[in-house]
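# Reading the structure
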Amino acid sequence: MKTLAIADTKFHLVDQGSGPPLLFVHGFPLDHQMWLGQIDALADEYRVLAPDLRGFGESESSLEVVSMERYADDLASILDALEVDQPVSLCGLSMGGYVAWQFWKRHARKLDKLILCDTRAVADSTEAALARRELAKDVLAQGTSMLVEAMIPKLFSSKSREKKPDIVEATSAVIQKANRMGVAAALRGMADRPDVTHWLRQIRVPTLVVCGEEDAISVVSEMGEIADQLPQATFTVVPDCGHMAPLEDPAFVNRAIRDFLREAQTETGS
Ligand code: MLT
């Protein structure tokens, strides 16, 4: 792990391998460890960067609300601090996808290709946003253990829960250890995030859209609609997986990522 001090905040990240930069952005309420199935495997061909977002894992934050825009700006600052001049392929899962939309909007020159895993373009409904803000208060008062029981059944397919207890346990441990301030700030940031559906037709970068067949949070039909609206998208459904498809079936997802990056490279010459 590397530590970068940017302004008054310390960020931790994995920076492994060499080649075209491939930036992984984790979901909520997780950290870079959700990409362990990608990091070693893809570092043979790419410079794999996997930060802990502000307030998650080992990265610090003292903010009460962190917007998706702020996380995107942090990623741009991290790339600057690492002197990564080449535009990156950005792979974001769920909340990482919400951040990816903002990265495209705010830092287009730093972006070469997008990989959007198990994410959404719509904003929260009024009720969902309200529930998130209440949850933020509960997490601050009681800690993050309460999220484990609530989230695990939604994160993994029934088959993964039965056959892959190791990844389920590791993810539960990450949630349990998560910093309550960071988690609450992200919940508030997600509650405030805008609907970006009207951006989709303008996102003219090669994009891979990945969705677990049994994803209960960002369902296949909704992700298929996102892919339909993106001008240059390839859509891949990962059999027997849920919301955490890259962790549940890394071999399948890594193959899809490699094929996509190679084909997109041939087409765009980048
Ligand atoms: C995630 O996996 O990042 C979350 O499910 C996102 C969300 O709660 O909307």
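This text gives an overview of the structure that appears in the document. (Residues numbered from 1 in each chain as written. Predicted model: local features only at pLDDT ≥ 70, side-chain atom pairs only at ≥ 80, totals over all residues. Heavy atoms only, no water.)

This next bit is on the packing of aromatic side chains. For any pair of aromatic rings, the description rests on two quantities: the centre-to-centre distance and the angle between the ring planes. In total, this model carries three aromatic pairs according to the counting rule given. Between the aromatic rings of phenylalanine 24 and tryptophan 35, the centroid separation amounts to 4.8 Å while the plane-to-plane angle is 40°, which identifies the pairing as tilted. Here phenylalanine 24 is found in strand β3 (residues 21-25), whereas its partner tryptophan 35 is found in the loop between β3 and α1 (36-42), with 11 residues between them in sequence. The two residues phenylalanine 24 and tryptophan 35 agree in class, both being buried. On the basis of an interplanar angle of 85° and a centroid distance of 6.3 Å, the ring pair of phenylalanine 28 and phenylalanine 56 is categorised as edge-to-face. Within this pair, whereas phenylalanine 28 is found in the loop between β3 and α1, its partner phenylalanine 56 is found in the loop between β4 (47-51) and α2 (68-81), the two being separated by 28 residues in sequence. Accessibility expressed as a relative area gives 1% for phenylalanine 56, which makes it buried. (Phe/Tyr/Trp six-rings, centres within 6.5 Å; stacked < 30°, edge-to-face > 60°. Helix = DSSP H or I, 4+ residues; strand = E, 2+ residues; numbered from the N terminus. Buried < 20%, exposed > 50% of the residue type's maximum accessible area, 1.4 Å probe, protein only.)

What follows is about the sheet that holds β4. In space, the eight strands of this open sheet follow the order β1-β2-β4-β3-β5-β6-β7-β8, with mixed pairing throughout. Single-partner strands in this sheet number two, and they are β1 (2-6) and β8 (233-238). With direction set aside, neighbouring strand axes in the sheet form an average angle of 25°. In the packing of α2 onto the sheet, the strands contacted are β1, β2 (9-16), β3, β4 and β5 (88-93), and the crossing angle to β1 comes to about 110°. (Pairing = 2+ DSSP bridges. Axes fitted to C-alpha atoms, helices over the stretch in contact; angles between N-to-C directions. Contact = heavy atoms within 4.5 Å.)

It is worth spelling out the packing of α2 against helix α3 (residues 95-106) at this point. At their nearest, the axes of α2 and α3 sit 8 Å apart, and the two run at 70° to each other. Viewed along their axes, α2 and α3 adopt a mutual orientation that is roughly perpendicular. The two elements α2 and α3 meet at a crossing, and its hand is right-handed. Judged by residue contacts, Met68, Glu69, Tyr71, Ala72, Asp73, Leu75, Ala76 and Leu79 of α2 engage Met95, Tyr98, Val99, Gln102, Phe103 and Arg106 from α3. Taken together, the residues of the contact of α2 with α3 break down into 10 nonpolar, one polar and three charged. (Parallel < 35°, antiparallel > 145°, perpendicular 65-115°, else oblique. Left-handed = near helix turned anticlockwise from the far one by under 90°. Nonpolar A, V, L, I, M, F, W, Y, C, P; charged D, E, K, R; others polar.)

The next point concerns the site of the ligand. Surrounding the ligand, one finds Gly27, Phe28, Ser94, Met95, Tyr98, Arg132, Met190, Ile217 and His243. Within the contact set of the ligand, an oxygen atom lies 2.5 Å away from a side-chain nitrogen or oxygen of tyrosine 98. Contact distances for the ligand include 2.7 Å between an oxygen atom and a side-chain N or O atom of arginine 132. Coverage of the ligand by the protein amounts to 93% of the 270 Å² it exposes when considered alone. Placement of the ligand is best described as lying within the largest pocket. Among the residues forming the shell around the ligand, the class breakdown is five nonpolar, three polar and one charged. (Near = heavy atom within 4 Å. Polar contact = N/O pair within 3.5 Å; in protein donor to acceptor, adjacent residues only side chain to side chain. Areas by Shrake-Rupley, 256 points an atom, 1.4 Å probe, with all protein chains shown as cover. 1 Å grid on protein atoms, 1.4 Å probe; cavity = no way out; pocket = protein on both sides within 12 Å on 5 of 7 lines; lining within 4 Å. Sits in = over half its atoms within 2 Å of the grid points.)

To continue, consider the environment of arginine 120. Position of arginine 120 relative to the elements: it lies in the loop between β6 (111-117) and α4 (126-142). Sequence separation of arginine 120 and histidine 107 is 13 residues, and the distance between their C-alpha atoms is 20 Å. Apart from the residues lying within four places of it in its own chain, the contact partners of arginine 120 are Tyr98, Trp101, Ile217, Ser218, Glu222 and Ile226. There is a polar contact of 2.8 Å between the side chain of arginine 120 and the side chain of glutamate 222.

To continue, consider the layout of surface pockets. Regions of empty space are outlined by a rolling probe, equal in size to a water molecule, passed over the atoms. Considered as a void within the structure, the largest pocket measures approximately 550 Å³ in volume. If you trace the largest pocket, you find 25 residues lining it, with Phe28, Arg132, Met151, Lys154 and Ile217 closest to the centre. Here the lining of the largest pocket is composed, by residue class, of 16 nonpolar, four polar and five charged. (Points joined across faces, edges and corners; volume = space filled by probe spheres on them.)

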